Amino acid sequence: MILNTELEYKGNLFPSQIVSYEKHLNVLSFTTENGAVLQVTVRRDSILRFRFTTTGIFENDFSYAITKYASRGYNLLEVTENDKNYIITTTKLICHISKLDLRTSIYDAIDKSLICEDELGFHWEESYEFGGNVVKMSKTAQPGESYYGLGDKPVDNNLKGKRFENWVTDSYAYGRNTDPIYKTIPFYTALHNKKSYGIFFDNTFRSFFDFCHERRNITSFWAQGGEMNYYFIYGPEMSDVVVNYTDLTGKPHQLPALWTLGYHQCKWSYYPESNVKEITKKFRDLKIPCDAIYLDIDYMEGFRCFTWSEEYFPNPKRMVKELADDGFKTIVIIDPGIKIDMDYSVFREGLEKDYFCKRADGPYMKGKVWPGECYFPDFTNPEVREWWANLFQELVEDIGVKGVWNDMNEPAVMDVPGKTFPNDVRHDYDGNQCSHRKAHNVYGMQMARATYQGLKKFSYPKRPFVITRAAYSGTQRYTSSWTGDNIATWDHLTIANLQAQRMCMSGFSFIGSDIGGFAEQPNGELYARWIQLGIFHPFCRTHSSGDHGDQEPWAFGTAITDVVRKFIELRYQLLPYLYTAFWRYAEEGIPILKSLVLYDQHDPQTHYRNDEFVFGEKILACPITAPNQTGRRLYIPRGKWYNFWSDEVVEGGTEQWVDADLDSMPIFVKEGAIIPKYPIQQYVGEKTIDELLLDVYYKEGKETSEVYEDATDGYDYIKGRYSLRTFKLSGKKKELIIQQHKSGKFITTYKTFKLNLHGLPFKISKVEIDNVIIPFKDLELNGDNTLVLTKEFSELHIMA
Ligand code: GLC
């Protein structure tokens, strides 16, 4: 527990009884006798914001996390009172606020069950060390309550029994349970009695969450400064909690270009140019699909951002063009530390314009990173962000770089105990000047945002692509991310799986790990198993520190290369499926990966599962995370599922053994699903898609599937030039009906679908399209249950 000071312990202070209540539209204020104020804002029927002050004065209401595009509005807001409580009622919630001490209890408006209740509720400690308060909240855990989310924590899915800290930290070679690491996402979901809610504590100071760790039935969170300011988000479906949190903190501002969902190859570092070319050529020679190649810090001149080493890369523009001609997009790293060097224009400009962070007593914040001593732009200043964005003009517009990788933006500082800035460093915080205590957790986010603005501007009319290591809630609006410097061990493969799932249920789906591990070197088996997991992660990149050997798909002998190729090819085949899942995420905030608890919270078996996850809406995947395995046990969620490899149908709701030699892994497809596939391409756009393969998994009953497509890049889709197909499958004993509904103005290049019917329980004797019987030869139907038909159909009947 945090202590006040060593000198004096004043203890917790509490609000006293309510003396006045005011309501302005949807904002309700309750003032206590001792001057504390609780402001409750009804944002939606299912979202309440709670904000407290201990002095009667609120800070300027500013948040980097909350997006201006967040939905607002509710159907009902009623405030009543009885002897003990004020009672706020919406269509979803009933919230009691105790007149005695501001403690709240929240109930489901429909069945009146208790969802979340304050224990001590809001309380605070005066901090002599920092000035201001340590703000605290504690709630009573309900029987059987579980907790999930909280961004990037390398621990099992269910957080119950653990305590965490949120302070963005450079964590080279972190391990299971290392805390904190690179990201701060102070949002968790809770689940009890089949109902789920979430809490987003939008406070950027160093914060802590305790999930029944200190006391077994108490969940609490607190921060070392700022306001107690949190959003209560009700489900009762966990997926709705996550969707609403994502609505609040933002969805990606645009879809990623389709190529960004391809395979990426990275290493610290590929240089000189000849080495880069050797690598890219090998991909093409060995026919291993790849869309992106990365340049790590060694491409620069003495690690100066926005420069190129003349020795290693004498003509970057030519090289980038040659790579592009071969289908490779070049992505370069850019760190925040700007080398102190008066002969370096970026440094000089930053200095002249007064854009670098300063210590409280005046001097610049000086810290060591790769280039040696550096100053650091204050990315929380909008003017600095604009300057930074414009620095990308040459890289993007002139040289042709397609993506930028922001690293070390915690910000990482070498050779100092805290690995970052001291607390006193000053920040603009968009006009809300503050110290690093408040700005630390958003520094990397604001850097990535500035980079995104540059990429967006100069990549136009193409879409921007950014990757960041550090993040705060809301960073998903601007950029993708990876999980930092992991290690090439089997346990880290398990951890990578957990991290990606957890980030997805924390509103941040564009995530992946360094496939194979960053530090140390995997053997071929580990690398192959990791690729198998990695192709199901929204961001799919191999990266390694390079000091322990090579980590390209061919580095472990041909048998492994073949396995790796097979799975990367599968990724490319599934691109329209993944793109559709991404579109759902960008449009509605639905996570691309769903941990089993998120997929089916009503099945208690899912509450402690870690390894299995649903990719998109219909595919279940589970990595093999130990050596020498020929399969594994896994829990298959309720319903019927097809084994992807054998088409065998299994009934879920139980744990089962599934075979998976090294060239395989457990993958299942939900019955009734229609999975779109593209042909294998060496990179996105290599081929014109002239037929869309639809894998149709028969089901007796109904199921809906979607396929979203557009020009794969650019912004025309926003103007309606997209193609969304909704397929309604309805299977009967002797008939399979598929109805198609199409919307959007985009015309796909292909004219036909090739249907591959899985598990059809009858022999086809008649096919009707839009009420017309079609001869078998026109369908290329020849007994193997594949048929080719026009993409324009509305209703297809396949009959016994
Ligand atoms: C950091 C990054 C890593 C990168 C290295 C050199 O350790 O996390 O991905 O390769 O710096 O830039």
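Everything discussed here concerns the structure shown above.
Given the structure is predicted, the values throughout are model-derived calculations rather than measurements.

Conventions we followed
Numbering of residues starts from 1 in each chain and follows the order in which that chain's sequence is written. Selection of residues for local features in this predicted model requires a pLDDT of at least 70, selection of side-chain atom pairs for listing and counting requires 80 or more, and totals for whole chains, interfaces and linings are taken over all residues. Heavy atoms throughout the structure, all of them, feed into the side-chain values; hydrogens and water do not. Under the scheme used here, helices are H or I runs from DSSP no shorter than 4 residues and strands are E runs no shorter than 2 residues, and both carry numbers assigned from the N terminus. We compute the radius of gyration over the C-alpha atoms and compare it with the globule rule, which gives 2.2 Å times the number of residues raised to the power 0.38. Exposure categories follow from relative accessible area, calculated using a 1.4 Å probe and restricted to protein chains: below 20% of the type maximum is buried, above 50% is exposed, and the middle band is partly exposed. Note on contacts: a residue pair qualifies if any of its non-hydrogen atoms lie within 4.5 Å across the two residues. Surface accessibility follows the Shrake-Rupley procedure with a 1.4 Å probe radius. Residue values consider only the protein chains on display as shielding. Under the counting rule used here, the positive set is Lys and Arg, the negative set is Asp and Glu, and His together with the chain ends is not counted. All charge positions are set by atom: Lys at NZ, Arg at CZ, Asp at CG, Glu at CD. Near, as used in this document, describes a residue that has one of its heavy atoms within 4 Å of the molecule or strand being considered. Any N or O atom pair separated by 3.5 Å or less is treated as a polar contact, with the protein-specific requirement of one donor-capable and one acceptor-capable atom, and with residues adjacent in sequence counted only for side-chain atom pairs. Under the scheme applied here, ten amino acids are nonpolar (Ala, Val, Leu, Ile, Met, Phe, Trp, Tyr, Cys and Pro), four are charged (Asp, Glu, Lys and Arg), and all others, including Gly, are polar. Whether two strands pair depends on DSSP finding at least two bridges between them. Here a cavity is any set of points on a 1 Å grid over the protein atoms alone where a 1.4 Å probe fits but cannot get out, and a pocket is any open set with protein on both sides within 12 Å along at least 5 of 7 lines; a residue lines the site when it has an atom within 4 Å of a point. Grid points are joined across faces, edges and corners, and a volume is the space filled by probe spheres set on the points. Ring pairs shown here join Phe, Tyr and Trp side chains whose ring centres sit within 6.5 Å, with only the six-membered ring taken for Trp; geometry is labelled stacked below 30 degrees between planes, edge-to-face above 60, and tilted in between. Taken from the helix axis, the directions to the C-beta atoms give the arc we talk about. The nonpolar core is taken to be a set of buried Ala, Val, Leu, Ile, Met, Phe, Trp, Tyr and Cys residues, with the residues joined through side-chain atoms within 4.5 Å. Note on geometry: axes are lines fitted to C-alpha atoms, helical ones only across the stretch in contact, with angles between N-to-C directions running from 0 to 180 degrees.

(A) Region of interest: the overall build of the chain. Each helix and strand in the chain was counted, giving 12 helices and 51 strands. Scaling as 2.2 N^0.38, a compact globule of 800 residues should have a C-alpha radius of gyration of about 28 Å, and the chain matches this with 27 Å. With the C-alpha coordinates of the chain rotated into their principal frame, the extents come out at 85 × 70 × 50 Å. Across the 800 residues in the chain, those meeting the buried criterion constitute 65%. Within the chain, contacts between residues separated by at least 24 positions form 69% of all contacts whose residues are at least 6 apart in sequence. Accessible area for the chain stands at about 28400 Å²; split by element, carbon and sulfur atoms hold 49% of it. Computed over 92 positive and 108 negative side-chain charges, the inter-centroid distance for the chain is 4 Å.

(B) The site of the ligand, seen in detail. Near the ligand, the surroundings consist of Trp268, Asp296, Ile297, Ile333, Trp370, Trp405, Asp407, Arg469, Trp482, Asp485, Phe518 and His543. Between the ligand and the protein, one listed contact pairs an oxygen atom with a side-chain N or O atom of aspartate 407 at 2.9 Å. Protein contacts shield 98% of the accessible area of the ligand, which totals 310 Å² for the unbound molecule. Counted by class, the shell around the ligand contains 7 nonpolar, 1 polar and 4 charged residues.

(C) The pairing of strand S15 (residues 195-201), seen in detail. Counting buried positions along S15 gives 7 out of 7 residues, so the element sits mostly inside the fold. Burial along S15 is two-sided: Lys195, Tyr197, Ile199 and Phe201 facing one way and Ser196, Gly198 and Phe200 facing the other are all buried. Taken together, the 6 bridges between strand S14 (residues 187-192) and S15 define a ladder with antiparallel strand orientation. The residue bridging phenylalanine 187 from the neighbouring strand is phenylalanine 200, located in S15. Between S14 and S15, which pair antiparallel in sequence order, lie 2 residues; one of them, asparagine 193, sits at a positive phi of approximately 50°. One ladder, built from 5 bridges, connects S15 with strand S18 (residues 228-234); its direction is antiparallel. In the sheet register, tyrosine 197 faces S18, and the bridge partner there is tyrosine 234.

(D) Molecular detail of empty space enclosed by the protein. The full count for this structure, using the stated rule, is 2 cavities of 30 Å³ or more. Roughly 140 Å³ of internal volume is contained in the largest cavity. Lining the largest cavity we find 15 residues, and of these Gln254, Pro464, Tyr478, Thr479 and Phe510 sit closest to its centre. The space that makes up the second largest cavity amounts to roughly 30 Å³. In this structure, the second largest cavity is lined by Ile297, Met300, Phe303, Cys305, Asp335, Gly337, Trp370 and Pro371. Class assignment for the residues of the lining of the second largest cavity results in 6 nonpolar, 1 polar and 1 charged.

(E) Fine view of the packing of aromatic side chains. Considering all chains together, one arrives at 73 aromatic pairs under this definition. Centre to centre, the rings of phenylalanine 200 and tyrosine 231 are 6.0 Å apart; their planes meet at 20°, and the pair counts as stacked. Taken as a pair, phenylalanine 200 in strand S15 and tyrosine 231 in strand S18 lie far apart in primary sequence, 31 residues in all. Relative accessible area serves as the criterion here: at 2%, tyrosine 231 is assigned to the buried category. Considering the side-chain rings of tyrosine 294 and tryptophan 405, the 5.6 Å spacing of their centres and the 80° angle between planes classify their relative orientation as edge-to-face. Of this pair, tyrosine 294 sits in strand S20 (residues 292-295) while tryptophan 405 is found in strand S25 (residues 403-406), placing the two residues 111 residues apart along the sequence. Per residue, the accessibility class of tyrosine 294 equals that of tryptophan 405, and both read buried.

(F) Quick look at the layout of surface pockets. The computed volume of the largest pocket comes to approximately 600 Å³. Around the largest pocket, the lining is made up of 37 residues, and of these Glu59, Phe205, Gly226, Glu227 and Lys438 lie nearest the centre. Those elements that provide at least two residues to the lining of the largest pocket are strand S4 (47-53), strand S10 (133-140) and helix H7 (436-459). Here the lining of the largest pocket takes 4 residues from S4, the largest share from any one element. For the lining of the largest pocket, the residue count by class is 13 nonpolar, 16 polar and 8 charged.

(G) Molecular detail of unusual backbone geometry. Of note, the bond from glycine 235 into proline 236 is cis; its omega dihedral lies within 30 degrees of zero at 0°. Relative to the helices and strands, proline 236 resides in the loop between S18 and helix H1 (238-249). Here tryptophan 268 and serine 269 are connected by a cis peptide whose omega angle stands at -5°. Within the secondary structure, serine 269 is located in the loop between strand S19 (264-265) and helix H2 (273-285).

(H) Local environment of helix H4 (residues 345-352). Among the residues making up H4, those that are buried are Val346, Phe347 and Gly350. The buried side chains of H4 occupy one side of the element, clustering within an arc of 100° when seen end-on.

(I) Quick look at the nonpolar core. One finds Trp308, Ile334, Trp388, Phe392, Leu395, Phe536 and Leu755 to be the most contacted residues of the largest nonpolar core, which totals 178 residues. The contacts of phenylalanine 536, once residues within four sequence positions are left out, are Arg571, Leu574, Leu593, Phe613, Phe615, Ile619, Ala621, Met665 and Ile667. In terms of nonpolar packing, the next biggest core, distinct from the first, is built from 45 residues, Val42, Leu150, Phe211 and Tyr230 among them.

(J) A look at the sheet that holds strand S2 (residues 27-32). If you trace the 8 strands from one edge of the open sheet to the other, you get S1-S2-S3-S4-S18-S15-S14-S11, paired in antiparallel fashion. Single-partner strands in this sheet number two, and they are strand S1 (18-24) and strand S11 (146-149). Between one strand and the next, the sheet's axes are offset by a mean angle of 20°, whatever the strand orientation. Sheet topology note: the S1/S2 ladder contains 6 bridges and is antiparallel. Along S2, the bridge assignment pairs isoleucine 18 with threonine 32. Sitting on the sheet, H1 touches strand S3 (37-44), S4, S11, S14, S15 and S18, and the angle it makes with S18 is about 135°.

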